[in-house]
Amino acid sequence: MPGVKNLSRDEAAERAALLRVESYEVWLDLTAAPSATRFGAGTRVVFECRRDGADTFVEHAVPVWESAVLDGVPLDV
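In this text, all values refer to a predicted model and were calculated from it rather than measured experimentally.

**Q** Explanation requested: the overall build of the protein in the structure shown.
**A** When helices and strands are counted, the protein shows 1 helix and 4 strands. Mapped in sequence order, the helices and strands of the protein form the string α-β-β-β-β. With the principal axes as the frame, the protein shows a C-alpha extent of 45 × 30 × 25 Å. Here the protein holds 77 residues, and 6% of them are scored as buried. Contacts in the protein between residues at least 24 apart in sequence constitute 50% of all its contacts with a sequence separation of at least 6. As presented, the protein carries roughly 7000 Å² of accessible surface, and 53% of it is formed by carbon and sulfur atoms. The average position of the 8 basic charges and that of the 13 acidic charges among the side chains of the protein differ by 5 Å.

Written out as structure tokens, the structure is:
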């Protein structure tokens, strides 16, 4: 995708040291397929941050975000 930045090796190592990922859950809503050009999807990542107040990020190639929530608090998407 144009304009997409790949995660660097240093960023990957830093994030791996910072986070302990417990699980990923991905779901798709294909009820409109095959006629739709889009379909619903969601992802839930359960993780622990090993350092209070640390910054990190989620990589994505999602054209439209409807919502994002961290620790039950909606984030500005």
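Further notes follow.
**Q** Before we go on, may I ask you to explain a nonpolar patch on the surface in this structure?
**A** A cluster of nonpolar side chains, V21, Y24, V45, F47, L70 and L75, forms an exposed patch at the surface whose accessible area comes to about 540 Å². Structurally, the position occupied by L70 is in strand β3 (residues 69–70).

**Q** Teacher, can you tell me more about the packing of aromatic side chains here?
**A** Each aromatic ring pair is described using two quantities: the centre-to-centre distance and the angle formed by the ring planes. Taken as a whole and judged by the stated rule, the model has 0 aromatic pairs. Taking NZ or CZ as reference, R15 lies 4.9 Å from the ring centre of F57, over its face.

**Q** Just checking my understanding: could you explain the side chain of R15 for this structure?
**A** For R15, the position within the fold is in helix α1 (residues 9–18). Polar side-chain contacts of R15 include one of 3.0 Å to the backbone oxygen of F57. Filtering out sequence-adjacent residues up to four positions away, R15 remains in contact with L7, T56, F57, V58 and E59.

Rules used in this analysis
Residues numbered from 1 in each chain as written. Predicted model: local features only at pLDDT ≥ 70, side-chain atom pairs only at ≥ 80, totals over all residues. Heavy atoms only, no water. Helix = DSSP H or I, 4+ residues; strand = E, 2+ residues; numbered from the N terminus. Buried < 20%, exposed > 50% of the residue type's maximum accessible area, 1.4 Å probe, protein only. Contact = heavy atoms within 4.5 Å. Areas by Shrake-Rupley, 256 points an atom, 1.4 Å probe, with all protein chains shown as cover. Lys, Arg positive; Asp, Glu negative; His and termini not counted. Charge placed at Lys NZ, Arg CZ, Asp CG, Glu CD. Patch = residues over 30% accessible without salt bridge, like charges linked within 9 Å, V, L, I, M, F, W, Y side chains within 5 Å. Salt bridge = Lys/Arg side-chain N within 4 Å of Asp/Glu carboxyl O. Phe/Tyr/Trp six-rings, centres within 6.5 Å; stacked < 30°, edge-to-face > 60°. Lys NZ or Arg CZ within 6 Å of the ring centre and 35° of its normal. Polar contact = N/O pair within 3.5 Å; in protein donor to acceptor, adjacent residues only side chain to side chain.

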